[in-house]
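Each chain, letter by letter, is given below.
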Amino acid sequence: MTKFGDIISTGKPVLIDFYTAWEEVDNPATTLRSVAAALGDKAKIIKIDVEKNEFLAEALRVKGNPTFMIYKNGEMKWRQTGNQDAKTLIGLVKQYL
């Protein structure tokens, strides 16, 4: 949890994708690569495997996968469960630049 706190406490927006390995087919990593390429160093893009980080997922009440969250300065700004396309995610993150 301490490391997670450090990650989200930045002034840049942080887009987090909570996922499980078995659902990766439905929302491929290429989506996040496209988001990262479009935003460059203006934002952080992170994938967190729910099965490997059960305590964190429970603490944040992640019930469905994928669940996306955007944090800035340690505060959750946006959250959505379900697949999102790269264009939508880019637009959402840009709101918090």
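The structure this text deals with has already been given above.
Model, not experiment: these values are computed from the prediction. (Residues numbered from 1 in each chain as written. Predicted model: local features only at pLDDT ≥ 70, side-chain atom pairs only at ≥ 80, totals over all residues. Heavy atoms only, no water.)

**Comments concerning the overall build of the protein**
Alright, step 1. Counting its regular elements, the protein contains four helices and four strands.
Alright, step 2. What you see in the protein, going N to C, is helices and strands ordered as α-β-α-β-α-β-β-α.
Alright, step 3. What you see for the protein is a C-alpha radius of gyration of 12 Å, in line with the 13 Å of a compact globule of 97 residues.
Alright, step 4. With the C-alpha coordinates aligned to their principal axes, the bounding extent of the protein is approximately 30 × 30 × 15 Å.
Alright, step 5. Sorting the 97 residues of the protein into buried and exposed places 44% on the buried side.
Alright, step 6. Of the roughly 5500 Å² that the protein leaves accessible, carbon and sulfur atoms contribute 50%.
Alright, step 7. Once the 14 positive and 12 negative side-chain charges of the protein are each reduced to a mean point, those two points are 8 Å apart. (Helix = DSSP H or I, 4+ residues; strand = E, 2+ residues; numbered from the N terminus. Rg over C-alpha atoms; globule rule 2.2 N^0.38 Å. Buried < 20%, exposed > 50% of the residue type's maximum accessible area, 1.4 Å probe, protein only. Areas by Shrake-Rupley, 256 points an atom, 1.4 Å probe, with all protein chains shown as cover. Lys, Arg positive; Asp, Glu negative; His and termini not counted. Charge placed at Lys NZ, Arg CZ, Asp CG, Glu CD.)

**A closer look at the pairing of strand S1 (residues 14-19)**
Alright, step 1. Judged by how many residues are buried, S1 sits mostly within the fold: six of six residues are covered.
Alright, step 2. Burial along S1 is two-sided: the face carrying Val14, Ile16 and Phe18 and the face carrying Leu15, Asp17 and Tyr19 are both buried.
Alright, step 3. Relative to strand S2 (residues 44-49), S1 runs parallel, the two being bridged by six bridges. Its bridge partner being in S2, Leu15 is matched across the sheet by Ile45. (Pairing = 2+ DSSP bridges.)

**Digging into the sheet that holds strand S4 (residues 75-81)**
Alright, step 1. Pairing is mixed across the open sheet formed by four strands, whose spatial order is S2-S1-S3-S4. Both outer strands of the open sheet, S2 and S4, are each paired with one neighbouring strand and no more. Between one strand axis and the next, the sheet turns by 20 degrees as a mean value, whatever way the strands run.
Alright, step 2. The pairing of S1 with strand S3 (residues 67-72) spans five bridges and is classified as antiparallel. Its bridge partner lying in S3, Phe18 is registered against Thr67.
Alright, step 3. On the sheet, helix H2 (residues 29-39) packs against S1, S2 and S3 and is oriented at approximately 160 degrees with respect to S2.
Alright, step 4. The sheet contacts of helix H4 (residues 86-94) involve S1, S3 and S4, and relative to S3 the element is tilted by about 20 degrees. (Axes fitted to C-alpha atoms, helices over the stretch in contact; angles between N-to-C directions. Contact = heavy atoms within 4.5 Å.)

**Observations regarding H4**
Alright, step 1. Turning to H4, its buried residues are Ala86, Leu89, Ile90, Leu92 and Val93. Around the axis of H4, the buried residues are gathered within 165 degrees of arc, so they sit on the same side.
Alright, step 2. The opening residue of H4, the one whose side-chain oxygen lies 3.1 Å from the backbone nitrogen of Lys87, is Asp85. (Arc of directions from axis to C-beta. Polar contact = N/O pair within 3.5 Å; in protein donor to acceptor, adjacent residues only side chain to side chain.)

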